[in-house]
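Structural overview
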Amino acid sequence: METSNGKNRTPHICRAALVIAMALFLHGCSTKRVVPPYPGTPEHPQYPASPTYPTSPSYPSYPSELPGEPTQLPEDIPLEQPITTEPATPLRPLEEPPSQTGAAAALYQTAREALGKSEYKQAEMTMERALRIEPRNGYYWYTMAQIKYRQQDYSQAINLCLKSKSFAGQDYNLVEINDSLIASARQKLVE
Amino acid sequence: MRNKSFFILLPLFALLACMVIGAIFSIDYLKDQNQIIRDKFEGNRWAIPALVYARPLELYAGLQLAPGILEKELQLAGYRNEQPVQSAGGYFRNENSFEIITRDFVYPTGPEPSTRIQVNFRGNRIDQLTAADQGKNLPFIRIDPARIGSFHPLVHEDRLLLQADDVPELLSLGLIAVEDKSYYSHHGIDPVGIARALVANIKAGRTVQGGSTLTQQLVKNFFLNRERTLERKIQEAVMALLLDFNYSKEEILTAYLNEVFLGQDGSRAIHGFGLASYFYFQRDLKNLSVAQIATLIGMIKGPSYYDPRRNPERCKQRRNTVLDVMYADNLIDKEAYEQALAAPISDIAPRESGLNRFPAFLDLVHQQLKDDYDEKDLKSNGLKILTTLDPQTQWTVEEQLQKSYETLSKRSGNDSLQGAAIVTGRDSGEVLALSGSIQPLDSGFNRALRAKRLVGSVIKPVIYLAAIDQGYTLASPIMDQAVELEIDGNIWKPRNYSRREYGRVPLYKALSKSYNLATVNLGLDIGLPSVIETLHKLGYDEQVDAYPSLLLGAVNMTPFEMSQLYQTIGSGGFYQPLRAIESVMGPDNKLLTRYGLKVEQRFSPEQIFLITHAMERVMTEGTGAGYSPARQYRFAGKTGTTNDLRDSWFAGFSDNHIGVVWLGNDDNSSSKLTGSSGALRVWVDLFTQLDPSVNEPVQPADIVWQRIDEQTLEATGAYNHSTMLPFIRGTEPHTFWEEPARHLQRFEDGARRFFDQMGNIMN
């Protein structure tokens, strides 16, 4: 009984499937279906791929400087050495992030110099000034994270990295350097 | 014989005893007086109230700033308009270009010296910023911040403390020449001077000349009261001698220059030459002209009688007398003397004082300081408090509140309308502006901090964020249908504002249209504990009772507390306590406390991206869309209205700022305004001025977009009756063509169920 029911049902299913498949096919042909990765209609204005950095020629986006290369950590974070004293190796400056205004970039440079001299408070306050001018620059937030790391405030360093990542958009280099610093900070917390 | 000698010796012994006792007492007396002098002179000589500063204005090429606003900022910071610009604290504006000499200021990062700068504008933007002396471009510079208040008793002495090095030589020499010629030769009192004054006064039959030395004058003002008895006079003389014995002439003179009373500004007494120099001439003491120094010296005789503003002629005569003495004593040459005689008495128009100009913000500063400093520290220890107040934003908030009050009170017929507003930096958590009243200078009830009001629908993003946290998407179907709940024996039957039911609606629409029934059903589905937990994660510290009415905003909060919730959402899910203070420094400019940037992730950027999108929909198609300017920018926010239109709320954010506006009546009567007809308008008008750029949310990498059919709430490729929505990767629904196998499987499962049922019926 059950077997015969099953046998009777199969042609019905196939027929119904065929009809609906045809209908869907015709429907698909009748409208031009576009699912843009980022909506660009007036109803949905365009979202920039990486809003932190406008991709105009004057402001090249950060990772394009290193096409196809494995992402470099532009900043040495002393992972093994104790960081209570001067950093074991001199700070190499982070590759200049594109900046919307010269002021923020100049402040950022001042902060990096202070960081290089282990003047953490000075660096922190100067970075806050840069962030007031460019609050969505993920690299500036990353520098804040580095400063906190040097001050051994690891949980704040992690949170600042997460903040930096929230501005990364499609900038995988920024994501990577943040992930690396987070990993170091987590390890320090465990220790 | 024995008796005789006894009678002779007794008085002698008595006299001797008296002398010994007297000597002991006089030594004790001198010791006491000496102790009084030492205690006061070596401790904190004056109670200096904490000074509160606005944020320094950072200038750089490219900064969006109207020239008029720069001038207003300069004036707030006490800058003088002068041509040519002579010294620190002066500026000159030539339409779109400014020449400014900034003043020295010690920041927590260190001292920044006075610099002559040239600022050129193109439209409302700084085009060029140069160091005028070197002619080279400056990347940035900050204008020393405006003093916006101090913490002091109601009636108080105010002074800017001077060190010996700060005092121009002409001032000290001129003062000595006029008030106490033998200052450097006497020992605190001047018997010759007293005799001379005595003769002169007897001759004139009245007091025409004083014999007090500067030391005695200091003693009188500093240690004693105004009593005029012989005993006081003796005490004054003794103390003057002791002071002179213990301390150098220079120290005593500096103390005098800081102590002397030089005028009155309402309840504030102007003491010392440091403050008087600013009060009368808006200049640092070292930048005063000869004529100005002479004016101040002349005023010691009677600050009110010789007030340069009220009695300029009398003041001028007195000044010229001082100049005569200076010239006669060869302190100035003929040229300087003649130039000073010809100078006007004051080149400064009386100005509006920036002090306590922003009472509601100062109230917040005071509240936040109380955690770390006691009242005595604030009133007497000369602290320097650098705050986050942005005067431009504060002015805009005040103007907008007043303007809106005029329109809204007229339209709604509600004269007693009140309001409060807060604006913060979106990623800094800094409080940039805070108004506790419709009237800007109202120092009474601070509604922004203290008016605990029902919040209504402005709380709804909390519930929707809690739902997203539990895995709901913006397309999740929510039932907007009637619900009845028993609360404490009473039946609670919430309704939509329109009194209608909308049936099955997508989550984003339930929020943007502020559907009450959908929100209650959603809140009950995810559970009240989860909503309360989200509320706390967003930064609300008070205890909340788990009543379902919480879902429609039956909880009392202040606008400031509401700001904290929206701050966490607006800053991408990062909690940061709202800060009004940047740092506190001691009187020696040493950094005491820093209130730096701190963040703590409470929600993922993806979750925040979704809730922000739904809040943007509020402005484009929901309850915020009724006010057309709102649709031009991509603002995100939420309206709130409470029963009988008692409260009108709006909270939201633009590209760089987060703001909360509340309107209502103090007596909790109907304000006759909904969130949309009241607070939304104030907020939008305010934010279109503060942030006239289109909001550009940063899209996290794990966000994908999908077109959703508004009826079926399924993925679709068709444009009609559909909308694009963001999803966290992996939660997005798919169309047939994206995942045909899965859809065919679903279809087959459905068909199989259908035919099973049909078969069952037929059998």
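Fair warning: this is a prediction, and the values are worked out from it, not measured in the lab.

**Thoughts on the overall build of chain A**
Scanning chain A from N- to C-terminus turns up six helices and zero strands. The order of helices and strands in chain A, counted from the N terminus, is α-α-α-α-α-α. Counting the 191 residues in chain A, one finds 34% classified as buried. Excluding contacts between residues fewer than 6 apart, the proportion of contacts in chain A whose partners are at least 24 apart in sequence is 58%.

**Thoughts on the overall build of chain B**
Along the backbone of chain B there are 24 helices and 33 strands. Taking 27 Å as the expected radius of gyration for a compact globule of 763 residues, we find that chain B reaches 36 Å, considerably beyond that expectation. Dimensions of chain B, computed from C-alpha atoms along their principal axes, come out at roughly 155 × 80 × 50 Å. Contacts spanning at least 24 positions in sequence make up 68% of the contacts within chain B whose residues lie at least 6 apart.

**Brief notes about the packing of helix 16 (residues 460-469) of chain B against helix 21 (residues 605-621) of chain B**
All names here are of chain B. Running from N to C, helix 16 and helix 21 cross one another at 140 degrees; their axes reach a closest spacing of 10 Å. Comparing the axis directions of helix 16 and helix 21 gives the class oblique. Viewed along their axes, helix 16 and helix 21 form a crossing whose handedness is right-handed. From helix 16, Pro461, Tyr464, Leu465, Ile468 and Asp469 reach across to helix 21, where they touch Gln607, Leu610, Ile611, Ala614 and Met615.

**Quick notes on the domain arrangement of chain B**
Interface extent is often summarised as the accessible area lost during association of the parts. Domain annotation of chain B identifies domain 1 (51-146), domain 2 (156-342), domain 3 (396-690) and domain 4 (704-763). Between the C-alpha centres of domain 2 of chain B and domain 3 of chain B there is a distance of 58 Å.

**Focus on the sheet that holds strand 5 (residues 97-101) of chain B**
Residues and elements named next belong to chain B. Spatial strand order, 3-4-5-8-9-10: six strands in an open sheet with mixed pairing. At either end of the open sheet lies a strand with only one pairing partner, and these are strand 3 (80-81) and strand 10 (136-137). Two elements, strand 4 (residues 90-94) and strand 5, share five bridges in a ladder whose sense is antiparallel. Its bridge partner being in strand 5, Asn94 is matched across the sheet by Ser97.

**Structural notes on the pairing of strand 26 (residues 581-585) of chain B**
All names here are of chain B. Along strand 26, four of the five residues are buried, which leaves the element largely enclosed by surrounding structure. The sheet contact formed by strand 16 (residues 384-387) and strand 26 spans four bridges and is antiparallel. Pairing of Leu386 across the sheet is with Ser583, part of strand 26. Strand direction decides the pairing type here: strand 26 and strand 27 (residues 591-594), joined by three bridges, are antiparallel.

**A few points about the confidence of the model for chain B**
Averaged over all residues, the pLDDT of chain B is 90; the fraction at 70 or higher stands at 95%. Two numbers describe this predicted complex: its pTM, 0.80, and its ipTM, 0.83.

**Describing the environment of Asp667 of chain B**
Tracing the backbone shows Asp667 of chain B in the loop between strand 31 (657-665) and helix 23 (679-690). A sequence separation of 251 residues divides Asp667 of chain B from Ser416 of chain B, and the C-alpha atoms of the two residues are 9.2 Å apart.

**Details of the sheet that holds strand 13 (residues 156-158) of chain B**
All names here are of chain B. Across the sheet, which stays open at both edges, the three strands sit in the order 13-15-14 with mixed pairing between neighbours. The strands lining the two open edges of the sheet, one partner per strand, are strand 13 and strand 14 (261-265). If you compare each strand with its neighbour and ignore which way they point, the axes differ by 30 degrees on average. Two strands pair when backbone bridges link them, and strand 14 and strand 15 (residues 268-271) are joined in this way by four bridges, in the antiparallel orientation. When the sheet's bridge partners are listed, Asp265 is paired in strand 15 with Arg268. Running over the sheet, helix 8 (residues 272-281) touches strand 13, strand 14 and strand 15 and is turned about 115 degrees from strand 15.

**Some points on unusual backbone geometry**
Residue and element names in this part refer to chain B. A cis geometry characterises the amide bond from Gln83 onward to Pro84, with omega recorded as -5 degrees. Examined against the element boundaries, Pro84 turns out to sit in the loop between strand 3 and strand 4. A positive phi angle, near 55 degrees, is found at Ser514, a position not held by glycine. The topology assignment puts Ser514 in the loop between helix 17 (507-512) and helix 18 (516-526).

**Remarks on the pairing of strand 17 (residues 417-425) of chain B**
All names here are of chain B. The buried count for strand 17 comes to nine of nine residues, which makes it a mostly enclosed element. Every second residue of strand 17 is oriented toward a common face, with Leu417, Gly419, Ala421, Val423 and Gly425 on one face and Gln418, Ala420, Ile422 and Thr424 on the other, all of them buried. Pairing of strand 17 with strand 18 (residues 431-435), which is carried by four bridges, proceeds in the antiparallel orientation. Residue pairing across strands places Val423 opposite Ala433, the latter belonging to strand 18. In this antiparallel pair of consecutive strands, strand 17 and strand 18, the connection spans five residues, and Gly429 shows a positive phi of 70 degrees.

**Comments concerning the environment of Tyr719 of chain B**
Within the secondary structure layout, Tyr719 of chain B lies in the loop between strand 32 (703-709) and strand 33 (722-728). What makes Tyr719 of chain B partly exposed here is the crowd of 15 C-beta atoms within 10 Å.

**Some words on helix 6 (residues 230-246) of chain B**
With 17 residues, helix 6 of chain B extends 24 Å from end C-alpha to end C-alpha; this agrees with the ideal 24 Å at 1.5 Å per step. The set of residues buried in helix 6 of chain B consists of Glu236, Met239, Ala240, Leu242, Leu243 and Asp244 of chain B.

**Things to note about the environment of Arg309 of chain B**
All names here are of chain B. Along the chain, the position of Arg309 falls in the loop between helix 9 (290-299) and helix 10 (312-328). On the neighbour-count criterion, Arg309 (14 C-beta atoms within 10 Å) is partly exposed. Considered as a pair, Arg309 and Ile345 are 36 residues apart in the sequence and their alpha carbons are 8.8 Å apart.

**Side note on the packing of helix 10 of chain B against helix 11 (residues 334-342) of chain B**
All names here are of chain B. Helix 11 packs onto helix 10 with a crossing angle of 180 degrees between their chain directions and a minimal axis gap of 10 Å. The orientation of helix 10 with respect to helix 11, classified from their angle, is roughly antiparallel. In this structure, helix 10 contributes Asn320, Leu323 and Tyr327 to the contact, and helix 11 contributes Tyr337, Ala340 and Leu341.

**Points about the confidence of the model for chain A**
Residue and element names in this part refer to chain A. Considering every residue of chain A, the mean pLDDT works out to 65; 47% of them sit at 70 or more. Taken element by element, the predicted model of chain A shows its lowest mean pLDDT in helix 1 (residues 2-30) (48) and its highest in helix 5 (residues 154-166) (97). Note on residues 1-7: pLDDT under 50 across the span, and one contact to partners over four residues away in sequence or across chains. Low pLDDT, under 50, characterises residues 22-96; the stretch is placed with 89 contacts to residues that sit more than four places away or in other chains.

The rules we used
- Each residue is numbered by its place in its chain's sequence as written, counting from 1.
- Throughout, the order in which chains and ligands are written sets their labels, letters from A for the former and numbers from 1 for the latter.
- Only residues with pLDDT of 70 or above have their local features reported here, since the model is predicted, and side-chain atom pairs are shown and tallied only from 80 upward, although totals for entire chains, interfaces and linings are computed over all residues.
- Starting at the N terminus, helices and strands are each numbered in turn, a helix being any DSSP run of H or I of at least four residues and a strand any DSSP run of E of at least two.
- Here the C-beta atoms are placed from the backbone, and a residue counts as buried if at least 20 other C-beta atoms lie within 10 Å of its own, exposed if 12 or fewer do, and partly exposed otherwise.
- Two residues qualify as a contact pair if the distance between their C-beta atoms, derived from the backbone, is within 7 Å.
- Between the two quantities, the radius of gyration covers C-alpha atoms and the globule rule is 2.2 Å times the number of residues to the power 0.38.
- Axis definition: a line fit to C-alpha positions, over the contact stretch in the case of helices; interaxial angles, taken between N-to-C directions, run 0 to 180 degrees.
- Should an angle lie under 35 degrees it is considered roughly parallel, over 145 roughly antiparallel, and from 65 to 115 roughly perpendicular; all remaining angles are considered oblique.
- Crossing handedness is defined as follows: a turn of the near helix away from the far one that is anticlockwise and smaller than a right angle gives a left-handed crossing, while the clockwise case is right-handed.
- In this entry, domain limits derive from an automatic or database-based domain assignment.
- Two strands pair if DSSP finds at least two bridges between them.
- Across the chain, each position has a pLDDT score giving the predictor's confidence in that residue, from 0 to 100.
- The span you would expect from a helix comes to 1.5 Å times its residue count less one.

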